[in-house]
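Results of the structural survey
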Amino acid sequence: DAGVIQSPRHEVTEMGQEVTLRCKPISGHDYLFWYRQTMMRGLELLIYFNNNVPIDDSGMPEDRFSAKMPNASFSTLKIQPSEPRDSAVYFCASSYGVNYEQYFGPGTRLTVT
Amino acid sequence: DQQVKQNSPSLSVQEGRISILNCDYTNSMFDYFLWYKKYPAEGPTFLISISSIKDKNEDGRFTVFLNKSAKHLSLHIVPSQPGDSAVYFCAASANAGNMLTFGGGTRLMVKP
């Protein structure tokens, strides 16, 4: 399996623009997680899905952030409008069943100027 | 309020010696703990884990110790190798759930 795939790997955008990050989980995995890594806050969970349904979005920082999972093989994290403080590395991870071991993608480095 | 803390942002160790990475937690509901390893430009990868019913778990050169009374766990790497140089994240889960709470990470540098 190719592992968790994320695109783009790098994104540079201007403040106020819409940003969409994409994730393809490992085939057969039924849990999908979105994380954000920053120097100040480390690795924090934003939202996670089970069988394409959002289960917990308490980590989503504000209404500018939204996530969808239209099918088992695709998820998006959207920021609209983007702000400089959103600059971070965003990771997608997936797992199968109630399994603590999560498989992470390579991340998307977002820079908002 | 950080529920999982790694108070040492970095650690430097000589090759062949022991590396000890520490992690503290505050949530008494945590019952499963994991260590992840992260190389630059890659996502974290699972390394080793321990359930709260145990106080030690060993896998090759890696051993995790759990002290529930102190709410502290540590990762020992013996012997350390230059390829172990990476950022190590401690993570915890509560009530057998899938949600993981991560610490801020410790950058380990193993010098040849």
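Nothing here was measured: the structure is a model prediction, and the numbers come from that model.

Rules used throughout
- Along each chain, numbering runs from 1 in the same order as the chain's sequence is written.
- Lettering for chains starts from A, numbering for ligands starts from 1, and both go in the order in which the items are written.
- Note on the predicted model: pLDDT of at least 70 is required for a residue's local features to be given, and 80 or more for side-chain atom pairs to be given and counted; whole-chain, interface and lining totals, by contrast, use all residues.
- With hydrogens and water stripped out, all remaining heavy atoms of the structure feed into the side-chain values.
- Throughout, the protein atoms alone are placed on a 1 Å grid, and a set of points is a cavity if a 1.4 Å probe fits but cannot get out or a pocket if it is open with protein on both sides within 12 Å along at least five of seven lines; lining residues have an atom within 4 Å of a point.
- Grid points are joined across faces, edges and corners, and a volume is the space filled by probe spheres set on the points.
- Working definition: helices are DSSP H or I runs of at least four residues, strands are E runs of at least two. Numbering for both runs from the N terminus.
- Three residue categories are used. Nonpolar comprises Ala, Val, Leu, Ile, Met, Phe, Trp, Tyr, Cys and Pro, charged comprises Asp, Glu, Lys and Arg, and polar comprises the others, including Gly.
- Any two cysteine sulfur atoms lying within 2.5 Å of each other are counted as a disulfide.
- A side-chain nitrogen of Lys or Arg and a carboxyl oxygen of Asp or Glu constitute a salt bridge if their distance falls within 4 Å.
- Accessibility here uses a 1.4 Å probe with only protein chains present; expressed as a share of the type maximum, an area under 20% marks a residue as buried, one over 50% as exposed, and anything in between as partly exposed.
- Should any heavy atoms of two residues lie within 4.5 Å, those residues are considered in contact.
- Two parts placed together each lose some accessible area; with a 1.4 Å probe, that loss summed over both constitutes the buried area.
- Here a polar contact is taken to be a pair of N or O atoms separated by no more than 3.5 Å, where protein atoms must pair a possible hydrogen donor with a possible acceptor and residues adjacent in sequence count only if both atoms sit in side chains.
- Pairing of aromatic rings covers Phe, Tyr and the six-membered ring of Trp, with a centre-to-centre limit of 6.5 Å; geometry is then stacked below 30 degrees between planes, edge-to-face above 60, and tilted otherwise.

What about the layout of surface pockets?
Counted as a void, the largest pocket has a volume near 740 Å³. Taken together, 33 residues line the largest pocket, and the ones lying closest to its centre are Gln-37 and Met-39 of chain A together with Val-87, Phe-89 and Arg-107 of chain B. If you list the elements that add at least two residues to the lining of the largest pocket, you get β4 (31–38), β9 (88–95) and β11 (108–112) of chain A together with β9 (86–94) and β11 (106–111) of chain B. If you tally residues by element for the lining of the largest pocket, the top one is β11 of chain A, at four residues. Looking at the lining of the largest pocket, its residues break down into 13 nonpolar, 13 polar and seven charged. Here the second largest pocket is characterised by a volume of approximately 560 Å³. As for the second largest pocket, its lining consists of 24 residues, and the residues nearest its centre are Glu-44 and Leu-45 of chain A together with Gln-3, Thr-101 and Phe-102 of chain B. Of all the elements, strand β5 (residues 42–50) of chain A adds the most residues to the lining of the second largest pocket, at five residues. A per-class count over the lining of the second largest pocket returns 11 nonpolar, eight polar and five charged.

Considerations on the state of the cysteines
All names here are of chain A. Here the structure, examined in full by the defined rule, presents two disulfides over all chains. Across the disulfide from Cys-23 sits Cys-92; the S-S distance is 1.9 Å. Classification of the bridge connecting Cys-23 and Cys-92 rests on its S-S torsion, roughly -65 degrees, and on that basis the disulfide is left-handed. Here the residue Cys-23 occupies a position in strand β3 (residues 19–24), and Cys-92 occupies one in strand β9, the gap between them amounting to 69 residues.

Description of the pattern of salt bridges
When the charged atoms of two side chains with opposite charge come close together, those side chains can pair. All names here are of chain B. By the definition in use, this model includes 10 salt bridges over all chains. Between Lys-37 and Asp-84 there is a salt bridge whose closest N-O contact spans 4.0 Å. A residue pair is termed long-range when its members are at least 10 positions apart, and Lys-37 in strand β4 (residues 30–38) and Asp-84 in the loop between β8 (72–77) and β9 qualify at 47 residues. Per residue, the accessibility class of Lys-37 equals that of Asp-84, and both read buried. When the shortest N-O distance is used, the salt bridge between Arg-61 and Asp-84 registers 2.8 Å.

As for the interface of chain B and chain A
It is common to give the size of an interface as the accessible area lost on bringing the parts into contact. Taken together, the contact between chain B and chain A spans 20 residues of the former and 22 residues of the latter. Of the roughly 1600 Å² buried at the junction of chain B and chain A (both faces included), carbon and sulfur atoms supply 62%. It is Asn-98, Met-99 and Phe-102 of chain B in chain B that bury the most area against chain A; as a group they hold 37% of the surface buried on that side. Our enumeration of links across chain B and chain A arrives at zero salt bridges. Inspection of the chain B/chain A interface yields three residue pairs in polar contact (both at pLDDT 80 or more). Sorting the residues of the side of chain B that touches chain A by element identifies β4 and β9 of chain B as the ones contributing at least two each. Among the elements that take part in the side of chain B that touches chain A, β4 of chain B stands out by supplying four residues, more than any other. When the residues that make up the side of chain B that touches chain A are grouped by side-chain class, the tally is 11 nonpolar, seven polar and two charged.

Here we look at the environment of Pro-84 of chain A
Residues and elements named next belong to chain A. Turning to its location among the elements, Pro-84 is positioned in the loop between β8 (74–79) and β9. Note: C-alpha distance between Pro-84 and Thr-111 (27 residues apart in sequence) is 7.2 Å. Apart from residues no more than four positions distant in its own chain, Pro-84 is found in contact with Met-15 and Val-112.

Quick notes on the packing of aromatic side chains
Tallied over the full model, the rule gives 15 aromatic pairs over all chains. Measuring from ring centre to ring centre gives 5.3 Å for Phe-33 of chain A and Tyr-48 of chain A, while their planes differ by 20 degrees; the resulting arrangement is stacked. One end of the pair, Phe-33 of chain A, is in strand β4; the other, Tyr-48 of chain A, is in strand β5, with 15 residues separating them in the sequence. In this structure, Phe-33 of chain A and Tyr-48 of chain A share a single accessibility class: buried. Three or more aromatic residues joined by ring pairs form one cluster here, namely Tyr-31, Phe-33, Tyr-35, Tyr-48, Phe-91 and Phe-104 of chain A together with Tyr-36, Phe-46, Phe-89 and Phe-102 of chain B.

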